[in-house]
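# Summary of structural features
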Amino acid sequence: MFEDLLKRLGVGPVESGACHVRWIEDPGGEEIASLNPADGRPLGRVKLASRAVYDEVVGQAAAAFANWRMTPGPRRGEVVRKIGEELRKHKADLGLLITAETGKIRSEGEGEVQEMIDMADFSVGLSRQLYGLTIASERPRHRMMEQWHPLGPIGVITAFNFPAAVWAWNAMVAAVCGDAIIWKPSPLAPLTAVAVQKIVARVAEQEGFPGVFNLCLGSIEDVGEPMLNDARLPLISATGSCRLGYHVAEVVGRRLGRTILELGGNNAVIVAPSADLDMAVRGIAFAAVGTAGQRCTSARRLIVHESLYETVVGRLAKAYATLPIGNPWDDGVLVGPLIHEPAVEAMQSALRRAVEQGGEVVAGGRRLDRPGCFVEPALVRAKPGMAVVAEETFAPILYAIPYREIGEAIAIQNEVEQGLTSAIFTRDLMEAERFLSPEGSDCGIANVNIGTSGAEIGGAFGGEKATGGGREAGSDSWKAYMRRQTCTINYGTDLPLAQGVRFDV
Ligand code: UN1
């Protein structure tokens, strides 16, 4: 069954992980297997790029950029529109591949492809809206304007948990902005990257723009580090852990390159006394156990008003007890496996520490006795100040903390080092507005009566503090993929200087 799926996507049993104007048959690096986290069996194999092939890919991308940057924006948008059309045709198959490789359930696998399609559509519109400004000049017969130019070939580093959508957030926007893209995907989801690249490279070639979209799957030594140090790449957009982000910021910063960082989250949901509890419980459950807690937006902390604490914890514990955990391909399953063994171990270790620090596991937490990386999502009663609660464990653990008044809830919500997403369930207008005010949530995303995960692409996505500060996808995130130029034009016959300075020679 799986072989047929790969065949329909044009992916062979052993694939190359490197593509520029054409696929590089032998990219020179070692061969890795992609494992199905639901049973540990290999889904396919991919050959990594060597250091020399990395250099070749960037060289080709730079050459393609020289032509692409002079192609009108709306024409670039047309190429992206065709990519969106192809993604639509392959939505079901790509969704299944994402499910097989990451373990996310089928509707989430397809949802991720939808997110790519949405990004293509958004970017097509954007391709006619890369607006600059006209600025009033202080000098007579002068015109000032601000315009936006393509930036260059850029590096995009993505994580396993959204192996396709996060690439699309970056690549679809960057492409209409006139950049060429070099994609370094996660080695934990290489087949999804190969399948997406097959589609995109085909369209780009048919449209006469090979080399705009490039793939370079490789090790940290051969591809990752060279990419960060490569002065040919003015921008590196990286998604992953805070640890990764500190390193990327430091290395790219040393050469004064730009970064867009989308790192960890330790996201909280506040449940206030006036909350609609049915809605809150559903919203929390999706945010905490959806994608088996492996979204950067997953809810990891629950801050509940003391008057509702027992009720909310009780209702969630009941919901957790009947969660359908199993093969993500099967209908009705809501929780698939974790990505690999180290994730299972990290979860078990965090739960052990939680108990040592005075927490109590009230639901779930065990590993299932079957092949694959299956765990029961865990709900933990926690006390304020427990050290483990401040950590982002990339697994379904939800720590429930009581609070007395809203100011205290907001302070708890803000006390972690990350600042990605946040949510409050309340029907009290003043409380909701306080949460959204400058003294409210300190996160890049703040929701009212919605959980922490599942953002739409129309908004700018990203967070503050140790989340890295980058913004991707909608709104005016495109500006990070372009360079701004301020131009002043003198159409007079005099040469007046700004600020009234006189310099007569
Ligand atoms: C991520 O986990 O890296 O808001 C991104 C969400 C998704 C994206 C998550 N649209 O949950």
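Throughout this description, residue numbers start from 1 for each chain and increase along the sequence as written. Selection of residues for local features in this predicted model requires a pLDDT of at least 70, selection of side-chain atom pairs for listing and counting requires 80 or more, and totals for whole chains, interfaces and linings are taken over all residues. Side-chain metrics in this entry use all non-hydrogen atoms of the structure; hydrogen atoms and water are not considered.

### Things to note about the overall build of the protein
Note the threshold: To qualify as a helix, a DSSP run of H or I must reach at least 4 residues; to qualify as a strand, a run of E must reach at least 2; elements of each kind are numbered from the N terminus. The quantity called the radius of gyration is restricted to C-alpha atoms. Its globule counterpart is 2.2 Å times the number of residues to the power 0.38. To sort residues, take the accessible area from a 1.4 Å probe on protein chains only and compare it with the maximum for the residue type: under 20% means buried, over 50% means exposed, and anything in between is partly exposed. Whether two residues are in contact is decided by their heavy atoms, any of which lying within 4.5 Å being enough. Each accessible area is a Shrake-Rupley result for a 1.4 Å probe, and residues are judged covered by the shown protein chains and nothing else.
The number of helices and strands found in the protein is 14 helices and 23 strands. Radius of gyration (C-alpha) of the protein: 24 Å, near the 23 Å computed for a compact globule of 505 residues. Each principal axis of the C-alpha atoms in the protein carries an extent, and together these give about 80 × 60 × 40 Å. Looking at the protein residue by residue over its 505 residues, the buried ones come to 56%. Partitioning the contacts of the protein with sequence separation of at least 6, the portion at a separation of at least 24 is 74%. Working note: accessible area of the protein is about 20800 Å², and carbon and sulfur atoms make up 53% of it.

### Brief notes about the sheet that holds strand S2 (residues 18-19)
Rules: A pair of strands is considered paired only if DSSP assigns at least 2 bridges between the two.
With respect to topology, 6 strands assemble into an open sheet ordered S2-S9-S8-S7-S10-S11, the strand pairing being mixed. In this open sheet, the two edge strands, each paired with only one partner strand, are S2 and strand S11 (258-262). Bridge count between strand S8 (residues 180-184) and strand S9 (residues 213-216): 3 bridges; the pairing is parallel. Bridge pairing in S9 links Ile182 to Asn214.

### Notes on the side chain of Ser441
The cut-off we apply is this: Polar contacts, as counted here, are pairs of nitrogen or oxygen atoms within 3.5 Å of one another; within protein the pair requires one atom able to donate a hydrogen and one able to accept it, and residues that are adjacent in sequence qualify only if both atoms are side-chain atoms.
Considering the arrangement of structural elements, one finds Ser441 in the loop between helix H14 (429-436) and strand S19 (445-448). Polar side-chain contacts of Ser441 include one of 3.1 Å to the backbone nitrogen of Cys443. Not counting residues up to four positions away in its chain, the partners in contact with Ser441 are Ile410, Gln413, Asn414, Ser422, Phe435 and Ala446.

### Describing the site of the ligand
Put simply, the rule reads: Throughout, near means a residue has at least one heavy atom within 4 Å of the molecule or strand. Gly is put with the polar residues, along with every residue not named as nonpolar or charged; the nonpolar set is Ala, Val, Leu, Ile, Met, Phe, Trp, Tyr, Cys and Pro, and the charged set is Asp, Glu, Lys and Arg.
Looking at the ligand, the residues that line it are Glu115, Asn161, Phe162, Trp169, Glu262, Arg295, Cys296, Thr297, Ser453, Gly454, Ala455 and Phe461. Arg295 places a side-chain nitrogen or oxygen 2.8 Å from an oxygen atom of the ligand. In the environment of the ligand, an oxygen atom lies 2.6 Å from a nitrogen or oxygen atom belonging to the side chain of Thr297. For the ligand, whose free accessible area comes to 320 Å², the fraction covered by protein is 98%. By residue class, the composition of the shell around the ligand is 5 nonpolar, 4 polar and 3 charged.

### A word on the packing of aromatic side chains
Stated formally: For this analysis, a ring pair means two rings from Phe, Tyr or Trp (six-membered ring only for Trp) whose centres lie within 6.5 Å, classed as stacked if their planes differ by under 30 degrees, edge-to-face if by over 60, and tilted for the remaining angles. Lysine and arginine charges are scored as sitting over a ring when NZ or CZ, respectively, is within 6 Å of the ring centre and within 35 degrees of the ring normal.
Taken as a whole, this structure holds 6 aromatic pairs when the rule is applied. Both rings, one in Trp167 and one in Trp183, keep their centres 5.0 Å apart while their planes meet at 25°; by these two values the pair is stacked. Of this pair, Trp167 sits in helix H6 (residues 165-176) while Trp183 sits in strand S8; the two residues are 16 residues apart in sequence, bridging distant segments of the chain. For the residue pair Trp167 and Trp183, the accessibility class agrees, reading buried in each case. Taking 4.6 Å as the distance between ring centres and 45° as the angle between the ring planes, the aromatic pair formed by Trp169 and Phe461 counts as tilted. Of this pair, Trp169 sits in helix H6 while Phe461 sits in strand S20 (residues 460-461), placing them 292 residues apart in sequence. For the pair shown, Trp169 and Phe461 are each scored as buried. Members of the aromatic cluster, connected to one another through ring pairs, are Trp167, Trp183 and Phe213. In this structure, Lys104 is placed above the aromatic ring of Phe162, and the distance from its NZ or CZ to the ring centre is 3.6 Å. In this structure, Lys198 is placed above the aromatic ring of Trp23, and the distance from its NZ or CZ to the ring centre is 4.4 Å.

### Considerations on the state of the cysteines
Stated precisely, the cut-off is as follows: Two cysteine sulfurs form a disulfide in these notes if their separation is within 2.5 Å.
Following the criterion strictly, the structure yields 0 disulfides and no others. Cys216 carries a free sulfur, and the closest cysteine sulfur to it, the one in Cys19, is 10 Å from it. Here Cys443 is not cross-linked by a disulfide; its sulfur's nearest cysteine counterpart is in Cys296, at 12 Å. Since its relative accessible area comes to 15%, Cys443 is described here as buried.

### Quick look at the sheet that holds strand S5 (residues 133-135)
The condition that has to hold: Interaxial angle, 0 to 180 degrees, is taken between N-to-C directions of lines fitted to C-alpha atoms, where a helix line uses only the stretch in contact.
On the basis of which strands lie adjacent, the open sheet formed by 3 strands has the order S5-S6-S23 and antiparallel pairing. At either end of the open sheet lies a strand with only one pairing partner, and these are S5 and strand S23 (482-490). On average, each strand axis in the sheet is inclined to that of its neighbour by 25°, with strand direction left out of account.

### Quick look at the pairing of strand S6 (residues 142-150)
In terms of strand pairing, S5 meets S6 through 3 bridges, oriented antiparallel. Across the sheet, residue Ile135 finds its bridge partner in S6, namely Met144. In textbook terms, the turn of a hairpin is the stretch between consecutive antiparallel strands, and for S5 and S6 this stretch comprises 6 residues, one of which, Arg141, has a positive phi near 50°. Pairing analysis gives 9 bridges linking S6 to S23, with the strands arranged antiparallel. The partner of Gln147 across the bridge, within S23, is Gln485.

### Brief notes about the packing of helix H10 (residues 277-289) against helix H11 (residues 309-321)
Each packed pair of helices is defined by two parameters, the angle between the axes and the distance between the axes. Test applied: Oblique is the label for every angle not falling under 35 degrees (roughly parallel), over 145 degrees (roughly antiparallel), or within 65 to 115 degrees (roughly perpendicular). Each helix crossing is assigned a hand: it is left-handed if the near helix lies turned anticlockwise from the far helix by less than a right angle, otherwise right-handed if that turn is clockwise.
Close contact between H10 and H11 brings their axes to 10 Å; oriented N to C, the two are set at 55°. The angle between H10 and H11 places the two elements in the oblique class. The two elements H10 and H11 meet at a crossing, and its hand is right-handed. Where H10 approaches H11, its residues Leu277, Asp278, Val281, Ile284, Ala288 and Val289 are matched on the opposing element by Thr311, Val312, Arg315, Leu316 and Tyr320. Each residue belonging to the contact of H10 with H11 can be placed in one class, and the counts come to 8 nonpolar, 1 polar and 2 charged.

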